[in-house]
Amino acid sequence: PRAVMPHRLLGGLALAALLAVVLLTLAGAAPYDRASWPHWVRAGACDVRHAVLARDAAPGTLRVDPARPCRVVGGTWTDPYAGTTSRRPDRLDVDHVVPLQWAHEHGGAAWDRARRQAYANDLSYRGHLLAVDRRANRAKGARGPAAWAPVGNAARCDYGHRWAAVLVAWDLRPGEADRAAVRDLLRACR
């Protein structure tokens, strides 16, 4: 008996559809592209970056540009990760505690652009976006809590709470290593 080739059984279109499904499954989610996560959009009168800088400045220290009151030009900020103090907003980043790329790789890739934008600019939970020393933020990068966490029990405790809250609020799915790391961070609260 002659062997029947699979493409003859399936037909041309069915084979092409099956191949597309296999390739998509092997490829996984679309690669992360920061531009597909619009951030620092307007939140009321100001953009989100300046809203976070204004919110996180120590009371009574905030200075804004008199000609452009949404532009933060000075203040005093204490980095929640390292405890260092800065008086220059240009030395600060606004950190997504759960990084955009990490969120993309753990459920956010399936979101539409509007949901990604909402995540990237979410001011509803104070622990989601933080004014931090840019060196600390760059050291953290897009890593999850299994690969990076601040030093010191108080900072680790806060970081664990922030991660847990964002994961639940946005229905993100960490792998086992990051899930265990969040549990370990929360143990620092004792």
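This section reports on the structure supplied with the text. Just so we're clear, the structure is a prediction, and the values are computed from it rather than from any experiment.

**Quick notes on the overall build of the chain**
Consideration 1: A count of helices and strands for the chain gives eight helices and eight strands.
Consideration 2: Out of the 190 residues belonging to the chain, those deemed buried represent 37%.
Consideration 3: When contacts within the chain are restricted to residue pairs at least 6 apart in sequence, long-range pairs at least 24 apart make up 65% of them.
Consideration 4: Carbon and sulfur atoms form 58% of the exposed surface of the chain, whose accessible area is close to 11,000 Å².

**Examining the side chain of D93**
Consideration 1: With respect to the secondary-structure elements, D93 resides in strand β7 (residues 92–96).
Consideration 2: Overall, the relative accessible area of 11% leaves D93 in the buried class.
Consideration 3: Within the structure, D93 has its side chain in polar contact with the side chain of N137 (distance 3.0 Å).
Consideration 4: The contacts of D93, once residues within four sequence positions are left out, are R49, L130, A131, V132, R134, N137 and R138.

Quick notes on the rules
Residues numbered from 1 in each chain as written. Predicted model: local features only at pLDDT ≥ 70, side-chain atom pairs only at ≥ 80, totals over all residues. Heavy atoms only, no water. Helix = DSSP H or I, 4+ residues; strand = E, 2+ residues; numbered from the N terminus. Buried < 20%, exposed > 50% of the residue type's maximum accessible area, 1.4 Å probe, protein only. Contact = heavy atoms within 4.5 Å. Areas by Shrake-Rupley, 256 points an atom, 1.4 Å probe, with all protein chains shown as cover. Polar contact = N/O pair within 3.5 Å; in protein donor to acceptor, adjacent residues only side chain to side chain.

In short, geometric facts, not functional conclusions.
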